[in-house]
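Structural features, examined
Here is what each chain is made of, one letter per residue.
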Amino acid sequence: DNTLFIFTTDNGTASGEKIFNAGMRGKKGSEYDGGHRVPFFIHWPAAGLNQHRKIDKLTHAIDVVPTLMEVCSIPNEAGVEFDGASQAFILDPDSPGVTANDTRMIITDSQRVVDPIKWRKSAVMSSRYRLVNGSELYDIKADPGQKKDLAKEKPEQVAKMRAFYDQWWAELEPTFSQTT
């Protein structure tokens, strides 16, 4: 009863659009949702997490450790700065869970190269939009297949997401030479 069980998978489907991919665009390693969206199931009877409940909330693997630390009451004594944030509030069975930070943005980047290139195989994700490769904008709620590019219709949203990416890139770029 007091064992926390998590099931998730690697990024995207191995064969992508050649098999069931829930209508999502892209395949494993792609910057489109079909290349990185994965299931995440959690079961923990002692905490009330033993009933079916769907949570449609933008989260990321970077959130797992801060979340587990919070739900297990583990202090961050070393003061480690995590890229992710605790999502413990959405695990509360009595909480609606999905309204706390709808303005959050997360970046996925699948370059797998020694020298990263700005905006290559990247997506800035919010609960509603995906900015792909810095130029394509999709309303993921209305268009989960990422077929209709809205970038020209919503330049303010593109600018906002590009600014977020630029700040992220500026923070990471100095670390690119550290190959240890």
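The model shown is predicted, which means the values in this text are computed figures rather than measured ones.

**Thoughts on the overall build of the protein chain**
Scanning the protein chain from terminus to terminus reveals two helices and six strands. Traced from its N-terminal end to its C-terminal end, the protein chain shows the element sequence β-β-α-β-β-β-β-α. Against the compact-globule benchmark of 16 Å for 180 residues, the protein chain has a radius of gyration of 18 Å, which places it among compact chains. Projected onto its principal axes, the C-alpha coordinates of the protein chain cover approximately 50 × 40 × 35 Å. Within the protein chain, buried positions represent 35% of all 180 residues. Within the protein chain, contacts between residues at least 6 apart in sequence are counted, and of these 50% link residues at least 24 apart. For the protein chain, the exposed surface amounts to about 11,200 Å²; the carbon and sulfur share of it is 54%.

**Topic: the layout of surface pockets**
Of the pockets and cavities examined, the second largest pocket occupies roughly 440 Å³. If you go around the second largest pocket, you meet 14 residues; those closest to its centre are I62, D83, F164, W168 and E171. Within the residue set of the lining of the second largest pocket, elements represented by two or more residues are β3 (105-109) and α2 (155-172). Sorting elements by how many residues they give to the lining of the second largest pocket places α2 first, with five residues.

**Topic: helix α1 (residues 64-71)**
For α1, the complete set of buried residues consists of P66, T67 and M69. Buried residues along α1 cover an arc of 160 degrees about the axis, so they all sit on one side.

**Concerning the packing of aromatic side chains**
As enumerated under the stated definition, the model contains six aromatic pairs in all. Ring centres of Y32 and Y138 lie 6.3 Å apart, and the angle between their planes is 65 degrees; this geometry places the pair in the edge-to-face category. Separated by 106 residues along the polypeptide, Y32 in the loop between β1 (5-8) and β2 (40-43) and Y138 in strand β6 (residues 136-139) bring together distant segments of the chain. The same class applies to Y32 as to Y138, namely buried. These aromatic residues form a ring-pair network of at least three members: W119, Y165, W168 and W169. The positively charged end of R25 is found above the aromatic ring belonging to Y32, 3.9 Å away from the centroid.

**Remarks on the nonpolar core**
Formed by 13 residues in total, the largest nonpolar core has its most connected members in W119, V124, L131, L137, V158, M161 and Y165. Of all the elements in the fold, those that place two or more residues in this core are β3, β5 (129-132) and α2. No other element matches the four residues that α2 contributes to this core. Residues in contact with L131, not counting those within four places in the same chain, are W119, S122, A123, V124, E136, L137, V158, M161 and R162.

**Brief notes about the sheet that holds β5**
Spatial ordering of the open sheet is given by β3-β4-β5-β6, a layout of four strands whose pairing is antiparallel. A single partner strand is all that each edge strand has here, and the edge strands are β3 and β6. Strand-to-strand twist in this sheet, taken as the mean axis angle between neighbours without regard to direction, amounts to 20 degrees. Taken together, the five bridges between β3 and strand β4 (residues 122-126) define a ladder with antiparallel strand orientation.

**What about the pattern of salt bridges?**
Pairing is possible between side chains of opposite charge, provided their charged atoms come close. Here the structure, examined in full by the defined rule, presents eight salt bridges. Across the pair D33 and R37 runs a salt bridge, and its minimum N-O distance is 3.5 Å. In this structure D33 comes out as buried when scored by relative accessible area, which is 1%. Between D63 and R104 there is a salt bridge, with the nearest N and O atoms lying 2.5 Å from each other. Here the residue D63 occupies a position in the loop between β2 and α1, and R104 occupies one in the loop between α1 and β3, the gap between them amounting to 41 residues. Taking relative accessible area as the criterion, D63 reaches 3% and is therefore assigned buried. On the accessibility criterion, R104 (13% relative accessible area) is buried. Here the residues in one salt-bridge network are D33, R37 and R130, joined through shared partners.

Basis of the calculations
Residues numbered from 1 in each chain as written. Predicted model: local features only at pLDDT ≥ 70, side-chain atom pairs only at ≥ 80, totals over all residues. Heavy atoms only, no water. Helix = DSSP H or I, 4+ residues; strand = E, 2+ residues; numbered from the N terminus. Rg over C-alpha atoms; globule rule 2.2 N^0.38 Å. Buried < 20%, exposed > 50% of the residue type's maximum accessible area, 1.4 Å probe, protein only. Contact = heavy atoms within 4.5 Å. Areas by Shrake-Rupley, 256 points an atom, 1.4 Å probe, with all protein chains shown as cover. 1 Å grid on protein atoms, 1.4 Å probe; cavity = no way out; pocket = protein on both sides within 12 Å on 5 of 7 lines; lining within 4 Å. Points joined across faces, edges and corners; volume = space filled by probe spheres on them. Arc of directions from axis to C-beta. Phe/Tyr/Trp six-rings, centres within 6.5 Å; stacked < 30°, edge-to-face > 60°. Lys NZ or Arg CZ within 6 Å of the ring centre and 35° of its normal. Core = buried A, V, L, I, M, F, W, Y, C linked by side-chain atoms within 4.5 Å. Pairing = 2+ DSSP bridges. Axes fitted to C-alpha atoms, helices over the stretch in contact; angles between N-to-C directions. Salt bridge = Lys/Arg side-chain N within 4 Å of Asp/Glu carboxyl O.

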